[in-house]
Amino acid sequence: MPKVTESEAITGVWVVEPTIHGDQRGLFIETYRREWFPNGREMVQGNRANRQAGALVGLHYHLHQADYWYVPFGTARVVLHDLREGGPTDGATLTLEMTGENHTGVFIPPGVAHGFAAVTDMVITYLVDGYYNSADELGVMWNDPAVVADWGVTDPILSERDRTNPLRADLPPGRRPYWPMRT
């Protein structure tokens, strides 16, 4: 039976420590179940990204979409930051090590900014409960001092989008998450 716990740092974020079954043939791991996440919706799309060591993705957030992340290979330093204005954990930051060894998963609700740095070459898979919507692809500057993030990499490799995201304090009106948002 996996251990599924709500984060003490950020309300609505759930961390999964799966049960690992193994023998001489290898491993079997149940990585996701819809029933693990109270009030979560059906995941409708699965994605995979391969990243080289030093790559940094984020911080991204959505007003309408939840994500579930899993790292089957390599090591990622995951940073989550609660942007939901007025919520009990508004402004809190959570950092997780997700690896192909610990097989941790994380459920990220709408309004929580999320990003990761590839500490090693890695693969990340993520399920989402909404189809791609460019209007719901939002971001905050990865090195915003208000986030207080230790990414675990120096000289990160960034996309143009991630180099130009606004600071948390500069999020435009109507694009700032609020409390309560669904989980």
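Residues numbered from 1 in each chain as written. Predicted model: local features only at pLDDT ≥ 70, side-chain atom pairs only at ≥ 80, totals over all residues. Heavy atoms only, no water.

Caption draft 1: Quick look at the overall build of the protein chain. Along the backbone of the protein chain there are one helix and 13 strands. Along the protein chain, helices (α) and strands (β) appear in the sequence β-β-β-β-β-β-β-β-β-β-β-β-β-α when read from the amino end. For 183 residues, the compact-globule estimate of 2.2 N^0.38 gives 16 Å, and the C-alpha radius of gyration of the protein chain, at 16 Å, lies within 12% of that figure. If you line up the protein chain on its principal axes, its C-alpha atoms span 55 × 40 × 30 Å. By residue count, 49% of the 183 residues in the protein chain fall in the buried class. Put simply, of all contacts in the protein chain between residues at least 6 apart along the chain, 79% involve residues at least 24 apart. Within the structure as shown, the protein chain displays about 9,100 Å² of accessible surface, and the carbon and sulfur contribution to it stands at 52%. Here the protein chain contributes 15 positive and 23 negative side-chain charges, whose respective centroids are spaced 4 Å apart. (Helix = DSSP H or I, 4+ residues; strand = E, 2+ residues; numbered from the N terminus. Rg over C-alpha atoms; globule rule 2.2 N^0.38 Å. Buried < 20%, exposed > 50% of the residue type's maximum accessible area, 1.4 Å probe, protein only. Contact = heavy atoms within 4.5 Å. Areas by Shrake-Rupley, 256 points an atom, 1.4 Å probe, with all protein chains shown as cover. Lys, Arg positive; Asp, Glu negative; His and termini not counted. Charge placed at Lys NZ, Arg CZ, Asp CG, Glu CD.)

Caption draft 2: Structural detail: the pairing of strand 3 (residues 20–23). Pairing geometry for strand 3 and strand 4 (residues 26–29), over four bridges, is antiparallel. Its bridge partner lying in strand 4, Asp23 is registered against Gly26. (Pairing = 2+ DSSP bridges.)

Caption draft 3: Quick look at unusual backbone geometry. Residue Leu59 is bonded to the preceding Gly58 through a cis peptide linkage, with omega at 5°. Mapped onto the elements of the fold, Leu59 is located in strand 6 (residues 56–61). You will see that Asn39, though not glycine, has its phi angle at about 65°, which is positive. Structurally, the position occupied by Asn39 is in the loop between strand 4 and strand 5 (45–51). Taking relative accessible area as the criterion, Asn39 reaches 64% and is therefore assigned exposed. At His103, a position not held by glycine, the phi torsion is positive, near 55°. Of note, His103 is situated in the loop between strand 9 (93–99) and strand 10 (105–108).

Caption draft 4: Structural view of the environment of Ala66. Its location among the elements puts Ala66 in the loop between strand 6 and strand 7 (67–73). With 47 residues separating them in the primary sequence, Ala66 and Thr19 have C-alpha atoms 23 Å apart. Once residues lying within four places of it in the same chain are set aside, the contact partners of Ala66 are Met43, Phe107, Ile108, Pro109, Pro110, Leu127, Val128, Asp129 and Arg182.

Caption draft 5: Spatial organisation of the sheet that holds strand 9. Within the open sheet, the five strands sit side by side as 9-8-11-6-13. Their pairing is antiparallel. Either end of the sheet is taken by a strand with one partner, and the two such strands are strand 9 and strand 13 (138–139). Relative to strand 11 (residues 112–118), strand 8 (residues 75–82) runs antiparallel, the two being bridged by seven bridges. Residue Ala76 lies in a different strand from strand 11, and its bridge partner there is Ala118.

Caption draft 6: Spatial organisation of the nonpolar core. Among the nonpolar cores identified, the biggest contains 22 residues, and Trp69, Val78, Leu80, Val106 and Phe116 are the most heavily contacted of them. Mapped by element, the contributors of at least two residues to this core are strand 7, strand 8, strand 9, strand 10, strand 11 and strand 12 (122–128). The residues contacting Val78, other than those within four sequence positions of it, are Trp69, Leu94, Thr95, Leu96, Met98, Gly115 and Phe116. Ala113, Met141, Leu158 and Leu171 belong to the second largest nonpolar core, which has 17 residues in total. (Core = buried A, V, L, I, M, F, W, Y, C linked by side-chain atoms within 4.5 Å.)

Scope: geometric values only; no functional claims are made or implied.
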